[in-house]
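Commentary on secondary and tertiary structure
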Amino acid sequence: MFKLRVAEDYKEMSAMGASEIAKQIIENPKLALGLSAGSTPIGTYQELIKLHETEKLDFSQITTFNLDEYVGLESDHPQSFAHYMWNKFLSKVNIQQENVHFPSGILNETDQTIKEYEQKIKEVNGIDIQILGVGQNGHIGFNEPNRFLNKNTHIETLTDETIKSNARFFNEINVVPKKAITMGIGNILETRKIIFMAYGSEKAYAVKKTLNGKITTEYPSSFLQLHPDVTVILDKEAAKFLSI
Ligand code: GLP
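First, a word on what this report is: a plain description of the structure on this page.

1. What about the nonpolar core?
- Within the largest apolar cluster, 41 residues are counted, with the highest numbers of intra-cluster contacts made by Phe-59 and Phe-89.
- For this core, the secondary structure elements donating two or more residues are helix H1 (10-27), strand S2 (32-35), helix H2 (42-55), helix H3 (81-88), strand S6 (129-132) and strand S9 (193-198).
- Broken down by element, this core gets its largest block of residues, six residues, from H1.

Encoded structure:
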């Protein structure tokens, strides 16, 4: 079920995202928070840092789990999602390092690390609140459009479209990893609450397909229609194809 909130602009949308998350943290200081990289939630992370600095929003008991990571990048690689998260958010709040979890991009050819990641999520009794963006092709995490989707955390081969789109974060397209490890569609649907965010007109079509399109593996974000508690936070541009 979707609860829709449309902001005037990116700044307002980021404030809305942060206040939803802050409310949950205040209610449950031991919250398990699912984090997402990409450009969309950066403003939300900045607002959360502000709330930490000005209102003493406390992250000391929070556990975090990231949705995805590029295969082949060490966690200190400047384009890894682990580096992004520490740089843009985690190092600026009072989170305990041992409570921060990422799927490892460095895999040893067994799926042991994947199983361990899922085990850690189980140990905290699942993710309470998951932040999600969306790719223009409907990917969530790195679950790419396909004839079938994976339920659990797995290795995904990235589509040319995603590689092209993510080249903006790398110096050249040839160095963009071709594979990623991502939580599966089942893991995402098992989270208790989702904050789904999108901004800009280039995401308007993705938003419409996510909220109102047919549920299809060819558009993975459409599966969010099956989740009981999704707060959708958009700016006006991203909402322009919705009839509200
Ligand atoms: C990526 C990530 C997603 C993200 C999406 C949109 O590649 N794997 O988690 O939501 O693309 O990114 P952006 O917010 O930069 O548009």
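2. A look at the sheet that holds strand S3 (residues 63-66)
- Strand order in this open sheet of seven strands is S1-S10-S9-S6-S2-S3-S5, and the pairing throughout is parallel. Each of the sheet's edge strands pairs with one partner strand only, and the pair in question is strand S1 (2-7) and strand S5 (100-101).
- Strand direction decides the pairing type here: S3 and S5, joined by two bridges, are parallel. Counterpart to Thr-64 in the pairing with S5 is Val-100.
- Running at roughly 160° to S1, helix H7 (residues 204-212) makes contact with S1, S9 and strand S10 (230-235) of the sheet.

3. Thoughts on the site of the ligand
- The full set close to the ligand counts 14 residues, and Ser-39, Thr-40, Asp-68, Asn-166 and Lys-203 are the nearest of them.
- Take Asp-68: an N or O atom from its side chain is 2.8 Å from a nitrogen atom of the ligand.
- At 3.1 Å from an oxygen atom of the ligand is found a side-chain nitrogen or oxygen belonging to His-139.
- Computed on the free molecule, the ligand has an accessible area of 390 Å², of which 96% lies beneath the protein chains in the complex.
- Grouping the constituent residues of the shell around the ligand by class yields three nonpolar, eight polar and three charged.

4. Section: the pairing of strand S8 (residues 179-182)
- Relative to S8, strand S4 (residues 68-70) is paired through three bridges, and the arrangement is antiparallel. For Tyr-70, the partnering residue across the bridge sits in S8 and is Ala-180.

5. Side note on the packing of aromatic side chains
- For the structure shown, the criterion picks out eight aromatic pairs.
- Geometrically, the ring pair formed by Tyr-45 and Phe-89 is stacked, given 4.8 Å between the ring centres and 20° between the ring planes. Within this pair, whereas Tyr-45 is found in helix H2, its partner Phe-89 is found in the loop between H3 and S5, the two being separated by 44 residues in sequence. Comparing Tyr-45 with Phe-89, the two get one shared label, buried.
- Relative to Phe-89, the ring of Phe-59 lies with its centre 5.8 Å away and its plane at 85°, an arrangement referred to as edge-to-face. Taken as a pair, Phe-59 in the loop between H2 and S3 and Phe-89 in the loop between H3 and S5 lie far apart in primary sequence, 30 residues in all.
- A relative accessible area of 0% means that Phe-89 is categorised as buried.
- One aromatic cluster is present, formed by Tyr-70, Phe-81, Phe-142 and Phe-170 through successive ring pairs.
- One Lys or Arg, Lys-209, reaches over the ring of Tyr-219 and ends 4.8 Å from the middle of that ring.

6. Quick notes on the pattern of salt bridges
- Applying the stated criterion to the full structure yields eight salt bridges.
- A salt bridge links Asp-229 to Lys-3, with the nearest nitrogen and oxygen atoms 3.8 Å apart. Taken together, the residues span a long stretch of sequence, with Asp-229 in the loop between H7 and S10 and Lys-3 in strand S1 at a distance of 226 residues.
- Judged by its relative accessible area of 43%, Lys-3 is partly exposed.
- Each of Lys-3, Lys-193 and Asp-229 takes part in one network of salt bridges that share partners.

7. A word on helix H4 (residues 112-123)
- In a regular helix each residue adds 1.5 Å, so 12 residues correspond to 16 Å; H4 covers 16 Å between its end C-alpha atoms and thus fits that length.
- Residues of H4 that are buried include every one of Ile-114, Tyr-117, Glu-118 and Ile-121, and no others. One side of H4 carries all its buried residues, which in axial view fall inside an arc of 90°. Those residues of H4 that are exposed and angled more than 90 degrees off the buried face are Lys-115, Lys-122 and Glu-123.
- Against the buried residues of H4 lie S3, S5, strand S7 (154-157), S8 and helix H6 (185-190).
- After H4 finishes, the residue Asn-125 shows a positive phi value of roughly 70°.

Procedures and definitions
Residues numbered from 1 in each chain as written. Predicted model: local features only at pLDDT ≥ 70, side-chain atom pairs only at ≥ 80, totals over all residues. Heavy atoms only, no water. Core = buried A, V, L, I, M, F, W, Y, C linked by side-chain atoms within 4.5 Å. Buried < 20%, exposed > 50% of the residue type's maximum accessible area, 1.4 Å probe, protein only. Helix = DSSP H or I, 4+ residues; strand = E, 2+ residues; numbered from the N terminus. Pairing = 2+ DSSP bridges. Contact = heavy atoms within 4.5 Å. Axes fitted to C-alpha atoms, helices over the stretch in contact; angles between N-to-C directions. Near = heavy atom within 4 Å. Polar contact = N/O pair within 3.5 Å; in protein donor to acceptor, adjacent residues only side chain to side chain. Areas by Shrake-Rupley, 256 points an atom, 1.4 Å probe, with all protein chains shown as cover. Nonpolar A, V, L, I, M, F, W, Y, C, P; charged D, E, K, R; others polar. Phe/Tyr/Trp six-rings, centres within 6.5 Å; stacked < 30°, edge-to-face > 60°. Lys NZ or Arg CZ within 6 Å of the ring centre and 35° of its normal. Salt bridge = Lys/Arg side-chain N within 4 Å of Asp/Glu carboxyl O. Expected span 1.5 Å × (residues − 1). Arc of directions from axis to C-beta.

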